[in-house]
Amino acid sequence: MKHRPHPPQQLSFASYEFAQKKRVTRREKFLGEMEQVVPWEALQALIEPKYPKAGRVGRQPIGVARMLRMYFLQQWFGLADEALEDAIYDSQAMRDFVGIDLSRQGVPDATTLLKFRRLLEEHELTAKLFEGINAHLAERGLLLREGTMVDATIIAAPPSTKNKAHERDPEMHQTKKGNAWHFGMKAHIGADADSGLVHSLHTTAANESDVAHTHEVLHGQESQVFLDAGYTGVAKREEVLQAQAEGKIRSDIQWSVAKRRSTITKMAEGTVKTLTQALERVKAQIRARVEHPFHVVKNLFGHKKTRYKGLAKNKAQLYSLFGLANLVLAKKRLMALPAAGMSAP
């Protein structure tokens, strides 16, 4: 379905005053960039088959374009439903991005956004949005399939038992990392070795081993996989061997696993140790790109703690977050390409 931009409308006093200001804020600049790089038409088309249709009577549903933009604002700025509603009323930049003129219509309320998010979860549409974004990136030559970097990060969950059930989230668990204990979940990702863009996502409780879920984040076509020392022995894992036997991943994968520091420290001084250290530095430089999506999700989007209860809802949100993180990481390259498949709400 082709989405046509709304015809130009007369600016309200607030919009005119905002348009005349001299300085462009960081938020306004970011939203302007996202306006250009998000493949709006393609993503809206994924949601529309499941979205409520307008009837002859009763309250008419708000358009997919507007709700999708509100949902993305929520992910980018880490806002709760009510907080997002207030923020849109307060911010002219956000209202312009969503396409709302307060002289003509109000902001969709928090309950409407909640229902939209539940529709995405119910029909597993956030995974489709993630795939749609990656298809858009692949079409533009930004997502290759020769090498994959694998890593995982812990996302904390509220440890408090001050709730109705008087218990912590039963699907989250505790794990020790270094000398600190963490309660929550893990996001396992597979990222393109060339661009650092995430192509696969898998979630578990925090106490699950990283290496046990390596096969879950491989797309099956990579010939080389880069991993840190925590994945030592991955090539001999039963899960990996089974996936290779079933043809899900290649049997000739070159596993580039970092050596443990203790192993290098114990090596005798000489040429072999020097060459090994040089090789490890090269491997580390490649693997470093896998940290970029985590940085965007945790630091730029502010998603350092789970927002919902249970793995399923949090996984649904992570699909959206990592898909949007891919667009942030690729925005400079996307903006340098001819625009295609993008339209206003």
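Because the structure is a prediction, the values reported are computed rather than measured. (Residues numbered from 1 in each chain as written. Predicted model: local features only at pLDDT ≥ 70, side-chain atom pairs only at ≥ 80, totals over all residues. Heavy atoms only, no water.)

Caption draft 1: Local environment of the overall build of the chain. A tally of regular secondary structure across the chain gives 13 helices and six strands. Here the chain, with 345 residues, has 48% of them falling under the buried criterion. Put simply, 71% of the contacts in the chain that link residues at least 6 apart link residues at least 24 apart. Only carbon and sulfur atoms are counted for the fraction: they give 52% of the accessible area of the chain, which is about 18700 Å². (Helix = DSSP H or I, 4+ residues; strand = E, 2+ residues; numbered from the N terminus. Buried < 20%, exposed > 50% of the residue type's maximum accessible area, 1.4 Å probe, protein only. Contact = heavy atoms within 4.5 Å. Areas by Shrake-Rupley, 256 points an atom, 1.4 Å probe, with all protein chains shown as cover.)

Caption draft 2: Region of the structure containing the side chain of Asp169. Mapped onto the elements, Asp169 comes out in the loop between strand S1 (147-156) and strand S2 (173-177). Of the buried charged residues, Asp169 lacks a salt bridge, with Lys309 as the closest side chain of opposite charge at 5.7 Å. One polar contact links the side chain of Asp169 to the main-chain amide nitrogen of Gly310, over a distance of 2.6 Å. Those residues in contact with Asp169 that lie beyond four places of it in its chain are Phe183, Tyr308, Lys309 and Gly310. (Lys, Arg positive; Asp, Glu negative; His and termini not counted. Salt bridge = Lys/Arg side-chain N within 4 Å of Asp/Glu carboxyl O. Polar contact = N/O pair within 3.5 Å; in protein donor to acceptor, adjacent residues only side chain to side chain.)

Caption draft 3: Quick look at the nonpolar core. Core analysis: the biggest nonpolar cluster contains 69 residues, and Ile47, Trp76 and Phe322 have the highest contact counts within it. With 11 residues, the single largest contributor to this core is helix H13 (residues 311-335). Sequence-distant contacts of Trp76, that is, excluding residues within four places in its chain, are made with Phe30, Leu31, Met34, Val38, Phe97, Leu300, Phe301 and Leu324. Judged by nonpolar contacts, the second largest core, of 15 residues, contains Val217, Val225, Trp255 and Val257. (Core = buried A, V, L, I, M, F, W, Y, C linked by side-chain atoms within 4.5 Å.)

Caption draft 4: Geometry of the pattern of salt bridges. Inspection of every chain in the model, using the stated rule, returns 12 salt bridges. In this structure, the salt-bridge partner of Lys331 is Glu33, at a minimum N-O distance of 2.8 Å. You can see Lys331 sitting in helix H13 and its partner Glu33 sitting in helix H2 (residues 26-37), a full 298 residues away along the chain. This pair shows no difference in class: Lys331 is buried, exactly as Glu33 is. With its nearest N and O atoms 3.0 Å apart, the salt bridge here joins Arg237 to Glu239. Residue classification places Arg237 among the partly exposed positions, given a relative accessible area of 27%.

Caption draft 5: Here's a closer look at the side chain of Glu33. Residue classification places Glu33 among the buried residues on the basis of a relative accessible area of 14%. Not counting chain neighbours up to four residues away, the residues in contact with Glu33 comprise Lys331 and Met335.

Caption draft 6: Spatial organisation of helix H9 (residues 238-245). Taken residue by residue, H9 has Val240, Ala243 and Gln244 as its buried positions. Buried residues of H9, viewed axially, fall in a sector of 100°; they line one side. Across from the buried face of H9, at angles greater than 90 degrees, the exposed residues are Glu238 and Ala245. For H9, the elements touching its buried residues are strand S6 (254-257). (Arc of directions from axis to C-beta.)

Caption draft 7: Highlighting H2. Helix length check: H2 (12 residues) gives 17 Å between terminal C-alpha atoms against 16 Å at 1.5 Å per residue, within 8%. Taken as a whole, H2 has its buried residues at Phe30, Leu31, Glu33, Met34 and Val37. Along H2, the residues classed as buried sweep out an arc of 160° about the axis, all on the same side. (Expected span 1.5 Å × (residues − 1).)

Caption draft 8: Quick peek at the packing of aromatic side chains. Scanning all chains against the criterion turns up 11 aromatic pairs. A centroid spacing of 5.4 Å and a plane angle of 90° characterise the contact between Phe30 and Trp76, whose relative ring orientation is edge-to-face. On the criterion of sequence distance, the pair formed by Phe30 in helix H2 and Trp76 in helix H4 (residues 64-77) is long-range, its members being 46 residues apart. When sorted by exposure, Phe30 lands in the same class as Trp76, which is buried. Grouped by ring-pair contacts, the aromatic residues Phe30, Trp40, Tyr51, Tyr71, Phe72, Trp76, Phe77, Phe97 and Phe116 constitute a single cluster. It is Arg69 that lies over the ring of Trp40; its NZ or CZ is 4.0 Å from the centre. Cation over ring: Arg69 sits above Phe97, and NZ or CZ is 5.0 Å from the ring centre. (Phe/Tyr/Trp six-rings, centres within 6.5 Å; stacked < 30°, edge-to-face > 60°. Lys NZ or Arg CZ within 6 Å of the ring centre and 35° of its normal.)

Caption draft 9: Just unusual backbone geometry, in detail. Positive phi is not limited to glycine here, since Glu124 has a value of about 55°. Looking at Glu124, the relative accessible area reads 58%, which means it is exposed.

Caption draft 10: Main features of the packing of H4 against helix H5 (residues 81-90). Relative to each other, H4 and H5 sit at 105°, their axes nearing to 10 Å. With respect to each other, H4 and H5 are oriented roughly perpendicular. Of the residues in H5, those touching H4 at Met70, Leu73 and Gln74 are Asp81, Leu84 and Ile88. Classifying every residue of the contact of H4 with H5 by side-chain character gives four nonpolar, one polar and one charged. (Axes fitted to C-alpha atoms, helices over the stretch in contact; angles between N-to-C directions. Parallel < 35°, antiparallel > 145°, perpendicular 65-115°, else oblique. Nonpolar A, V, L, I, M, F, W, Y, C, P; charged D, E, K, R; others polar.)

Caption draft 11: Focus on the pairing of strand S3 (residues 180-192). Taking burial as the measure, the 13 residues of S3 include 10 buried ones, the bulk of the element. As paired strands, S1 and S3 are joined by nine bridges and run antiparallel to one another. Across the sheet, Thr153 pairs through a bridge with Ala187, a residue of S3. Sheet analysis places S2 next to S3, joined by five bridges and oriented antiparallel. What sits directly across from Gln174, in S3, is Phe183. (Pairing = 2+ DSSP bridges.)

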